[in-house]
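Single-letter residue listing:
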Amino acid sequence: MNLRIRDLPGDRPAVPTLRVAALQMVSTPRVEENLRTAARLIDEAVLQGAELLALPEYFAIMGMRDDDKVKLREVDGHGPIQDFLAASARAHGIWLIGGSLPLCSEHPDKVLNSSLVYNPEGQRAARYDKIHLFGFRQATECYDERATIEAGRQPVAFDTPFGRVGLSICYDLRFPELYRALGITELLVIPAAFTETTGRAHWEILLRARAIENQCYVLAVAQGGRHENGRETHGNSMLVDPWGNILDRKLKGPGIVVADLERARLDEVRASLPALGHRVM
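Residues numbered from 1 in each chain as written. Predicted model: local features only at pLDDT ≥ 70, side-chain atom pairs only at ≥ 80, totals over all residues. Heavy atoms only, no water.

Observations regarding the overall build of the chain
Here's step 1: Across its full length, the chain holds six helices and 15 strands.
Here's step 2: Rg of the C-alpha trace for the chain: 18 Å, near the compact-globule value of 19 Å for 281 residues, within the 12% margin.
Here's step 3: The principal-axis extents of the C-alpha atoms in the chain amount to approximately 50 × 40 × 35 Å.
Here's step 4: Within the span of the chain, comprising 281 residues, buried residues form 56% of the whole.
Here's step 5: As displayed, the chain offers around 12100 Å² of accessible surface, 52% of which is attributable to carbon and sulfur atoms.
Here's step 6: Seen as two clouds, the 34 positive and the 37 negative side-chain charges of the chain have centres 3 Å apart. (Helix = DSSP H or I, 4+ residues; strand = E, 2+ residues; numbered from the N terminus. Rg over C-alpha atoms; globule rule 2.2 N^0.38 Å. Buried < 20%, exposed > 50% of the residue type's maximum accessible area, 1.4 Å probe, protein only. Areas by Shrake-Rupley, 256 points an atom, 1.4 Å probe, with all protein chains shown as cover. Lys, Arg positive; Asp, Glu negative; His and termini not counted. Charge placed at Lys NZ, Arg CZ, Asp CG, Glu CD.)

Structure, rendered in structure tokens:
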């Protein structure tokens, strides 16, 4: 992990506001159906003025079996899911973060769970491969992402006219050292498919903690409902401000969260409580 830790923002140019949207879904095992749902939500968010949009983890495929995503994985740079994201960003002139999708890995029976970012020209601006792989066992619930996913290795952030945006996916949320490795960011985007069990207990608490400790906005976009495979995801997509306030949220079902990032609010929080400058370790 060799991303350079940046100094506190100074006089670099930045737009004063950016309208962002989280597009919550309840994805199915059918890619084409999910892409149609995503397109409808993108249209709705754009009509409300959103300029940076994010889709949830597994937005294009929530299979009946864990290895269904392996069968539908795409070569990096080519495939219907990637083509959809690039075309959507270009058609609407938006920043579009494609939650996560399965890309080919070095292992024939595994995928990389990757978040791809496209700029308003439809060009890819960043790719992040999920580093922390979820494992959970309680009563009848059991998950082991290591069985079908190859872990990523590199933290990733990218620049927008508003500021620096850090990427992570779902289980990464529990590891604050990842966000410190990103340096100073103005926005963290966290696509997820949190289970109802773990989400009900920890999702909101962790999101607000990441916003407070990093003094930045957090856009969390989730799967939110009962899926055909029997899995129940928590939903509760939201935008959290640098003081930990929730600006908008969507509890369950498909829908959108829309709110504005404000440079003045960031500056106010960081000036009144300059914790980022007080770091010792």
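Considering helix H3 (residues 80-92)
Here's step 1: Counted at 1.5 Å a residue, the expected span for H3 with its 13 residues is 18 Å, and the 18 Å between its end C-alpha atoms agrees.
Here's step 2: Of all the residues in H3, the buried ones are Ile81, Gln82, Phe84, Leu85, Ala86, Ser88 and Ala89.
Here's step 3: In the core, the buried residues of H3 are packed alongside helix H1 (31-47), strand E3 (95-97), strand E4 (101-104), strand E5 (111-118) and strand E6 (124-129).
Here's step 4: Two residues or fewer past H3, Gly93 is found with a positive phi of approximately 65°. (Expected span 1.5 Å × (residues − 1). Contact = heavy atoms within 4.5 Å.)

Re the pairing of strand E12 (residues 217-222)
Here's step 1: Judged by how many residues are buried, E12 sits mostly within the fold: six of six residues are covered.
Here's step 2: The alternating pattern of E12 places Tyr217, Leu219 and Val221 on one face and Val218, Ala220 and Ala222 on the opposite face, and all of these are buried.
Here's step 3: Where strand E11 (residues 187-192) and E12 come together, six bridges link them in parallel fashion. In the sheet register, Ile190 faces E12, and the bridge partner there is Ala220.
Here's step 4: Once you follow E11 into helix H5 (residues 196-214) and on to E12, the crossover reads as right-handed.
Here's step 5: Of the pairings in the sheet, the one linking E12 to strand E13 (residues 237-240) comprises three bridges and is antiparallel in character. Looking at E13, one finds that Val218 is bridged to Val240. (Pairing = 2+ DSSP bridges. Right-handed = clockwise from strand over helix to strand, strands pointing away.)

Some details on unusual backbone geometry
Here's step 1: The backbone phi angle of Gln215 is positive, close to 45°, even though this residue is not glycine.
Here's step 2: Along the chain, Gln215 turns up in the loop between H5 and E12.
Here's step 3: According to the relative accessible area criterion, Gln215 is buried, its value standing at 2%.
Here's step 4: One non-glycine residue, Asn236, lies in the positive phi region at around 60°.
Here's step 5: According to the relative accessible area criterion, Asn236 is buried, its value standing at 5%.

Things to note about the side chain of Arg270
Here's step 1: Inspection of the secondary structure puts Arg270 in helix H6 (residues 263-272).
Here's step 2: On the accessibility criterion, Arg270 (12% relative accessible area) is buried.
Here's step 3: Within polar-contact distance, the side chain of Arg270 engages the backbone oxygen of Thr185 at 2.7 Å.
Here's step 4: Looking at Arg270, its side chain comes within polar contact range of the side chain of Glu186, at 3.1 Å. (Polar contact = N/O pair within 3.5 Å; in protein donor to acceptor, adjacent residues only side chain to side chain.)

Some points on the environment of Cys170
Here's step 1: Mapped onto the fold, Cys170 is located in the loop between strand E10 (164-167) and helix H4 (176-181).
Here's step 2: Residue class for Cys170 comes out buried when judged on its relative accessible area of 7%.
Here's step 3: In this structure the C-alpha to C-alpha distance between Cys170 and Ala220, which are 50 residues apart in sequence, comes to 9.1 Å.
Here's step 4: Non-local contacts of Cys170, meaning those with residues more than four positions away in its chain, are made with Glu57, Lys130, Ile190, Pro191, Ala192, Ala193 and Phe194.

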